[in-house]
Amino acid sequence: MSEPLIQPRPDGRRRIDRVLADDYLDDLRGRSLDEVRVLRHEAEQEEADLSYLRRLLQGRTDLLRAEQQRRAGSNDESLFDRLADVLSDGPRSTHGSGRHITVEPSRVAEHRRRVEQLIADVGLSDVAARTSDELAGTISLLEEHERQVSELRHRVQVVMDSCTAEITRRYRDGEADVSALLTAEAHPEA
């Protein structure tokens, strides 16, 4: 197993460290509605970043698989000619979480550097110059990183779901007022 691209650390200061900390959801019922919303938003932002990182890894894997297919003779077009098709969301879109992401990834450049460093570490700047064994090994490495990121993303989604359930419970039980929310959304400067 390879070293993870992201490893949550106990008592760490990064957002993922906070969101996945054992005490992140402590006393959720005792916190104010605004505090619970902040917790949920923080988890949602982390999920957006993990989703972006996961898609970067998937894109690199898709490129390598396309090169394997070209070598196997199942497609005569060069990888460059097929680039748009290879990187489209077509086949993978059916495997999504079904969640609507409402925030943009906040650490795009950081995630891109991580994946590019991973690619550089295995000498993959020229895909056509790599042996079939090297391609297969790199695909395996990228898939392992994707699994690790997916597992973290799932854990973050559990946190998001807990916060959402608490917010929903408050509205359902009358502890929070929907009309106050609608007024706040209609007049955000107030």
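Just so it is clear, the model here is predicted, and its values are computed rather than measured.

Ranked by internal contacts, the top residues of the largest apolar core, which has 27 residues, are Ile6, Val19, Leu20 and Leu50. Listed by contribution, the elements that provide at least two residues to this core are α1 (15–19), α2 (33–71) and α5 (132–172). Counting residues per element, this core draws most heavily on α5, which supplies 10 residues. Excluding residues within four positions of it along the chain, Leu20 makes contact with Pro8, Leu152, Arg155, Val156 and Val159.

The phi torsion at Asp11 lies on the positive side, around 65°, for a residue other than glycine. As for its position among the elements, Asp11 is in the segment before α1. For Asp11, a relative accessible area of 81% gives the class exposed. Of note, the phi angle at Asp27 is positive, near 55°, even though the residue is not glycine.

The next thing to look at is the environment of Arg18. Within the fold, Arg18 resides in helix α1. A relative accessible area of 35% places Arg18 in the partly exposed class. Along the primary structure Arg18 and Glu42 are separated by 24 residues, whereas in three dimensions their C-alpha atoms are 9.1 Å apart.

What counts as what
Residues numbered from 1 in each chain as written. Predicted model: local features only at pLDDT ≥ 70, side-chain atom pairs only at ≥ 80, totals over all residues. Heavy atoms only, no water. Core = buried A, V, L, I, M, F, W, Y, C linked by side-chain atoms within 4.5 Å. Buried < 20%, exposed > 50% of the residue type's maximum accessible area, 1.4 Å probe, protein only. Helix = DSSP H or I, 4+ residues; strand = E, 2+ residues; numbered from the N terminus. Contact = heavy atoms within 4.5 Å.

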